[in-house]
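Chain and residue survey
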Amino acid sequence: MVKHIVTFKLTGTPEERKEVATRFKNALLELPAAIDVLRSIEVGINENPAESWDVVLTATVDCMADVETYAKHPAHVAAAGLLAGHKADRACVDYTC
């Protein structure tokens, strides 16, 4: 099993960042129904104003090849598109567990 963990830092006012993060979260949570290699996904929106990262997601797939399948899937591409013009930074870790 592979864990795909991604964090995002967004641009804009706190209210704008929260709105974009919420739309993004809702879109991501629909992905397991559309992407057969995606075993699960968990998405959190940062509630700590002392921290600068806005969103974290943890997706679970069976193998590293499935990470690429998930990333290229049209439903995932559409969800990621919600961050267009709002993404300041992204960090990712993929590991086998």
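Here, the structure is the one placed above.
What counts, and where the lines are drawn
Residues numbered from 1 in each chain as written. Predicted model: local features only at pLDDT ≥ 70, side-chain atom pairs only at ≥ 80, totals over all residues. Heavy atoms only, no water. Pairing = 2+ DSSP bridges. Helix = DSSP H or I, 4+ residues; strand = E, 2+ residues; numbered from the N terminus. Axes fitted to C-alpha atoms, helices over the stretch in contact; angles between N-to-C directions. Contact = heavy atoms within 4.5 Å. Nonpolar A, V, L, I, M, F, W, Y, C, P; charged D, E, K, R; others polar.

1. A closer look at the sheet that holds strand E4 (residues 87-96)
Reading across from one edge, E2-E3-E1-E4 is the order of the 4 strands in this open sheet, with antiparallel pairing throughout. Only two strands of the sheet have a single partner each, and these edge strands are strand E2 (40-45) and E4. Within the sheet, the average angular offset between the axes of one strand and its neighbour, ignoring direction, is 15 degrees. Where strand E1 (residues 2-10) and strand E3 (residues 55-61) come together, 7 bridges link them in antiparallel fashion. Along E3, the bridge assignment pairs Val6 with Leu57.

2. Focus: the packing of helix H3 (residues 64-72) against helix H4 (residues 74-81)
Where H3 contacts H4, the two axes come as close as 5 Å, and the packing angle between them is 60 degrees. Contacts between H3 and H4 involve Tyr70, Ala71 and Lys72 from the former and Pro74, His76 and Val77 from the latter. In terms of residue class, the contact of H3 with H4 is built from 4 nonpolar, 1 polar and 1 charged.

3. Focus on the environment of Ile35
Relative to the elements of secondary structure, Ile35 occurs in the loop between helix H2 (31-34) and E2. Sequence spacing of Ile35 and Thr69 is 34 residues, and the spatial spacing of their C-alpha atoms is 8.7 Å. When neighbours within four sequence positions are excluded, Ile35 is seen to be in contact with Tyr70, His73, Ala75 and His76.

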